[in-house]
Amino acid sequence: MSNSIFKKIEELMVAEDYEKAREYLIEAIRKDPHNPEAHYLFGDVFCKLGDFENSIKELETANSLLPQNPQIIHLLGWASFMNKDINRGRKLMEAALSVMPDDIHLLCDLAVLEMNDANIKALEYSEKAMKINPHDPMVKEVFMVTNKFHQAREKDFWSLLLKME
């Protein structure tokens, strides 16, 4: 499989032309069904299209072809979380984090997962990402949202506590 095909696929993904990227990936996998990069990218395309079940299938194939790759595990964790399997998503993303502890995208994804589960870890992950790259727009947005969410939860907690008195 030539690198020019994967470069074209990545360009299509950056341009958010996921349907065209999907067509290229179907052909790439038909030509080389044992290429983990093709399955990873196909999983990413399915994820972008909101088809998390197919994303998980492709990412599991990529993981079986290239075991323990932290980027595959990260995306598999995100797809699992988005497919409403929060515990599996957390486990996979935390495994990826143990290998890539300073990956801001992974930290932000974990912050979103933990915020969804109303966990204080959301704030910790977003703060760590902010320390690593305070100028990244995604990091700033996740940091702001997790802080507002945390403040709202604390306010609700204290209001509930005062009502109980």
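Before reading further, recall that the structure is shown in the block above.
Let me begin by describing the structure that accompanies this report.

Rules and cut-offs
Residues numbered from 1 in each chain as written. Predicted model: local features only at pLDDT ≥ 70, side-chain atom pairs only at ≥ 80, totals over all residues. Heavy atoms only, no water. Helix = DSSP H or I, 4+ residues; strand = E, 2+ residues; numbered from the N terminus. Buried < 20%, exposed > 50% of the residue type's maximum accessible area, 1.4 Å probe, protein only. Contact = heavy atoms within 4.5 Å. Areas by Shrake-Rupley, 256 points an atom, 1.4 Å probe, with all protein chains shown as cover. Lys, Arg positive; Asp, Glu negative; His and termini not counted. Charge placed at Lys NZ, Arg CZ, Asp CG, Glu CD. Core = buried A, V, L, I, M, F, W, Y, C linked by side-chain atoms within 4.5 Å.

**Here we look at the overall build of the protein**
Counting its regular elements, the protein contains 9 helices and 0 strands. In terms of overall dimensions, the protein has C-alpha extents of about 70 × 30 × 30 Å along its principal axes. For the protein, the residues scored as buried account for 40% of the 165 residues in total. Of the contacts formed within the protein by residues at least 6 apart in sequence, a portion of 48% connects residues at least 24 apart. Total accessible area on the protein is roughly 9,700 Å²; 54% of this is exposed by carbon and sulfur atoms. With 20 positive and 28 negative side-chain charges, the protein shows a spacing of 1 Å between the two charge centroids.

**What to know about the nonpolar core**
Where a protein is soluble and globular, its nonpolar side chains tend to be buried together. Grouped together as the largest cluster of nonpolar side chains are 26 residues, with contacts concentrated most on C47, M93, L97, L106, L110, Y125 and A129. The element that contributes the greatest number of residues to this core is helix 7 (residues 104-116), accounting for 7 residues. In this structure L106 touches H74, M93, A96, L97 and M100, once residues within four positions along its chain are discounted. If you look at the next biggest cluster of nonpolar residues, it comprises 14 residues, including F6, Y18, I29 and F46.

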